[in-house]
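Observations on the model geometry
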Amino acid sequence: MNGDRPAGVCAVIDPERGEHGTLQLHGILDTASFHRALHRLAELRPGAQHPGSRLLRHGAALHTLELPGGDVAPAPAAVGLLADLITAAPEHCPDTGPPTAPAGPSCRTLPRTEPLTPLQQQRLADALARPGHQSEQIIWRWYGALDTARLTAAWHAVGERESVLRTAFVWDPRPRAVVLDRGVTDIVRHPHTTVDGRTALVARERARAFDLRRPPAVRLALLDGGPGDAGAPFTDVLLTYHRALLDSWSVRLLMRECCRAYLADGTLPGGERRPDLGDCARRLGAQDPDPAHDFRRDPTPQPTHQPARQPTGQPAPEPAEPAHQPAHGLAYEPAPQSALQLEHEPVRRPVVLPSGPDRDADGVGTGVLRAALSPARSTRLAHWAARWGVAESSVLQAVWALLLYRSGRSDRSASAAPAAASVGFGLDFPGRGLLLEGIEGVPGPFENALPLTVALDPALRLPALLRTLRDLVMDLSAYEWTTAGRPATAGGGVRAGGLLAFDCGPRPEAAYGRELAAHGIRLEEQEAAGAPAGYALRLRAGHDTRRALVLTCAYDRDLVDGAAARTLLAHTVRLLRLLPATAGAATTVEDVLAWMPKTATPRVPDGSAAGGAAPLVLLRSASAPAAATVCLLDVPGAPRTGHRELVRHYRGPEALNALRLGAGRQVDQARALTRLARSGGRLVLGGYSGTGALACELAGQVTGSGVRPPLVVVGGVGHDPDGPRSLAAALERASASAARP
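Residues numbered from 1 in each chain as written. Predicted model: local features only at pLDDT ≥ 70, side-chain atom pairs only at ≥ 80, totals over all residues. Heavy atoms only, no water.

One open sheet holds the three strands; their spatial order is E5-E8-E7, and the pairing between them is antiparallel. With one partner strand each, in any of the chains shown, strand E5 (112-114) and strand E7 (167-171) form the two edges of the open sheet. Each strand axis lies, on average, 40° off the axis of its neighbour in the sheet, ignoring direction. Sheet topology places E5 next to strand E8 (residues 175-179); three bridges connect them, and they run antiparallel. Residue pairing across strands places glutamate 114 opposite alanine 177, the latter belonging to E8. (Pairing = 2+ DSSP bridges. Helix = DSSP H or I, 4+ residues; strand = E, 2+ residues; numbered from the N terminus. Axes fitted to C-alpha atoms, helices over the stretch in contact; angles between N-to-C directions.)

This is the structure we're talking about:
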């Protein structure tokens, strides 16, 4: 962020040296870049200027910045931010050229600061506990010739128009979003012979972590068809994105804009879109969330029902299946449960940190199952739902509620009489119910899960249940922009009952299908591979191009067994097939449950809480008595591969720990650091460039009798191959000096 200079500078902040501490710089420092960093600090923090600072040169690779004396000490976070600016990776400024003056004009790429939405803060915390729960994918099949250079130019044009593709996160010390002038989307084309099929590519792309400190939070992988597809050549376009900045609606918007730019030779008219995500965040900040919270605290509505006949308990007849030839290798009607195809199974578990809880760190701890109804059955389901005045989504919600109710009954004694009970699960909303003109066209992370609870009774008639769910969802949709946090539903604990989602939003093939066809191109969405999103299981429904209803079940392998996920998906599809052909106005809940096979319905466990993990993770034990203990900052959104590399390069005897940083856990973090500072010599807080401001603020919270102020070490860049080695060397030097008073 501070102009052209050699990379590799590391900073050590020692609050015990000098009147207000010192900032020691190791590495080749370009003084013009240093002064530019001071100038940019003044722009970012107008009240944080240090006119009395002195830069002392001890050699070509060692400098000391003495902070000014006086009665007022510099703000620790501002000193850390200065360390971040000095140690950041070089960034070329096209307008100013190489720096020639100590404090010349600021670079045009000074990022614009935007507020975070509550949903973004929650997802950043979730990304630390379960990184693999925040990466999702959509696959399109591009029939016809695909010009890679033209597609790259089109995505560049979309990035210039959409600020979300140039947005990153920084912590100085609180997380905030910054919008840069540009962000280069990673687009890689794979010939058919270089990848072991689409499934392998999907799994590999899902396993690649995003570094949210650098834009964009999206990447494209192109896979060409094989020789057997010469009659209708195609290229699969796999788009992987992070939920802290985008959702499925937004990705389809971006793909639609990409098609528009592709048709215009890689250009888009007009400038940056407004309103953008920052405008939406400011509007959200002005909203009053109290009515939504009051609404969710109300007792669960009880559906009314007339006295029903006694359930017959007879199994329903299997409806006849109209002949239909499936496409794309996707079985429209699932085979028996054991034959359901499980996609994206990894060949092996990933290499992980020695701590154990981070088994999901590389994002491959998610299993994905898919099944579908045929187009004919899907049409029949839609017509049957309309008969009761509801949509297909209400039928899916009713089926899921029935399965949760049945699994709860399985836990009780078999001799117990059927009783009424409440069940709860999460429900995804588009999250765009905000009074802001044009919000339907703004890409961003709006998709939002809210808890839904419904009361079930064996004698309750099915149409009454459907209408009750419809009304509950309509009531909740008035507050779809609010964040529920980590809700406890009536049917269980934190994030209980799984999460349901129904795809909606724009389709690029619908917007520009005719124009693309004129160029011999046809675009077809084939798969939307979601993530558990903090729940144990997420069931997503949507229609393919043939209007077949496709169900995708993404589940956390640490919480849900693969066989249980298969059974739940098979039971769901079975009921969606049976209800249109069998259920009528007098059908009760008990009738529907009697149609189920003898196989027990597995229980859906609670999801993982973002704040449930311990703040401190031991990366490596001390190899010998040492005068210091090293703790690395595990910032949400930063890939943990850098920590593993740093452990490999570190040669000192000190123990290495990692502090998990999450929203709303400041007290726990400060207590954990204080305990660590008392247990093994002076504490050394370290992190890659970009964590200095946060590290300095945390260091100021480490207090107590006999506790020395921690050293703060900042340096290296996580995506730079030399970054872990550079930071490890700086940590070794700081730890060796910790014994000196």
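Right, let's get into the pattern of salt bridges. Applying the stated rule across the entire model yields 41 salt bridges. Salt-bridge contacts for glutamate 272 lead to arginine 112; the nearest nitrogen and oxygen are separated by 3.3 Å. Residue glutamate 272 is located in the loop between helix H6 (248-263) and helix H7 (277-285), and its partner arginine 112 is located in strand E5; the two are separated by 160 residues in the primary sequence. Under the relative-accessibility criterion, glutamate 272 is labelled partly exposed at 31%. What emerges from the salt-bridge pattern is a single network uniting Glu136, Arg243, Arg252, Asp428, Glu447, Asp503, Arg507, Glu509, Glu525, Arg538 and Arg540. (Salt bridge = Lys/Arg side-chain N within 4 Å of Asp/Glu carboxyl O. Buried < 20%, exposed > 50% of the residue type's maximum accessible area, 1.4 Å probe, protein only.)

For helix H17 (residues 692-700), the buried fraction is high: seven of the nine residues fall into the buried class. Inspection of H17 places Gly692, Ala693, Leu694, Ala695, Cys696, Leu698 and Ala699 among the buried residues, and these make up the whole buried set.

Let's shift gears to the confidence of the model for the chain. Should pLDDT be low for a region, the predicted coordinates there are not to be read in detail. Summary statistics for the chain give a mean pLDDT of 80 and a share of 78% for residues scoring 70 or more. Ranking the helices and strands of the chain by mean pLDDT puts helix H9 (residues 375-387) first, with 97, and strand E12 (residues 342-343) last, with 36. In this model residues 304-315 is a low-confidence stretch, pLDDT under 50, and it forms 24 contacts with partners more than four residues away in sequence or in other chains. (pLDDT = per-residue confidence, 0-100. Contact = heavy atoms within 4.5 Å.)

Spatial strand order, E9-E10-E11-E6-E17: five strands in an open sheet with mixed pairing. Every other strand in the sheet has two partners, leaving strand E9 (186-190) and strand E17 (522-529) as the edge strands with one partner each. Between one strand axis and the next, the sheet turns by 20° as a mean value, whatever way the strands run. Judged from the nine bridges that link them, strand E6 (residues 135-143) and strand E11 (residues 234-242) form a sheet pairing that is antiparallel.

Here glycine 584 lies in the loop between helix H13 (562-582) and helix H14 (589-594). Between the alpha carbons of glycine 584 and arginine 461 there is a distance of 9.2 Å; along the sequence they are 123 residues apart. Other than its neighbours up to four places away in sequence, glycine 584 contacts Trp388 and Pro463.

Before going further, it helps to spend a moment on the packing of H9 against H13. Look at H9 against H13: their axes get within 9 Å of each other, and the N-to-C directions meet at 60°. When the axis of H9 is compared with that of H13, the two are oblique. Crossing geometry of H9 relative to H13 is assigned as left-handed. Across from Arg377, Arg380, Leu381 and Trp384 in H9, the residues of H13 making contact are Leu576, Arg577, Leu579 and Pro580. Class assignment for the residues of the contact of H9 with H13 results in five nonpolar, no polar and three charged. (Parallel < 35°, antiparallel > 145°, perpendicular 65-115°, else oblique. Left-handed = near helix turned anticlockwise from the far one by under 90°. Nonpolar A, V, L, I, M, F, W, Y, C, P; charged D, E, K, R; others polar.)

Scanning the model with the defined rule gives three aromatic pairs in all. Measuring from ring centre to ring centre gives 6.2 Å for tryptophan 384 and tryptophan 388, while their planes differ by 80°; the resulting arrangement is edge-to-face. Its relative accessible area of 10% is what places tryptophan 388 among the buried residues. In this structure, arginine 150 packs its charged tip against the face of tyrosine 262, placed 4.7 Å from the ring centre. Seen from the ring of tyrosine 143, arginine 522 lies directly overhead, with NZ or CZ sitting 4.1 Å from the centre. (Phe/Tyr/Trp six-rings, centres within 6.5 Å; stacked < 30°, edge-to-face > 60°. Lys NZ or Arg CZ within 6 Å of the ring centre and 35° of its normal.)

Another aspect to go through is the side chain of threonine 117. Within the secondary structure, threonine 117 is located in the loop between E5 and helix H3 (118-129). If we skip the residues at most four places from it in the chain, threonine 117 touches Ala281 and Leu284.

A few words on unusual backbone geometry. Among all residues save glycine, negative phi is the norm, and among peptide bonds the norm is trans. The omega torsion of the bond from proline 215 to proline 216 falls at -5°, within 30 degrees of zero and hence cis. In this structure, proline 216 sits in the loop between helix H5 (197-207) and strand E10 (218-224). Following arginine 274, the chain continues into proline 275 via a peptide bond in cis, with omega recorded as 0°. Within the element layout of this structure, proline 275 appears in the loop between H6 and H7. Even without a glycine there, the phi angle at alanine 533 is positive, about 60°. Assignment of secondary structure puts alanine 533 in the loop between E17 and strand E18 (537-543). The exposure class of alanine 533 is buried, given its relative accessible area of 9%. With a phi angle near 65°, arginine 547 is a residue other than glycine that sits in the positive phi range. One can find arginine 547 in the loop between E18 and strand E19 (549-556).

Let us now look at the packing of helix H1 (residues 31-44) against helix H2 (residues 76-87). Contact geometry for H1 and H2: axes closest at 9 Å, N-to-C directions at 135°. Put simply, H1 runs oblique to H2. The handedness of the crossing between H1 and H2 comes out as right-handed. Residue-level inspection shows Phe34, Ala37, Leu38, Arg40, Leu41 and Leu44 of H1 in contact with H2, the latter providing Ala78, Leu81, Leu82, Leu85 and Ile86. Residues that form the contact of H1 with H2 fall into these classes: ten nonpolar, no polar and one charged.

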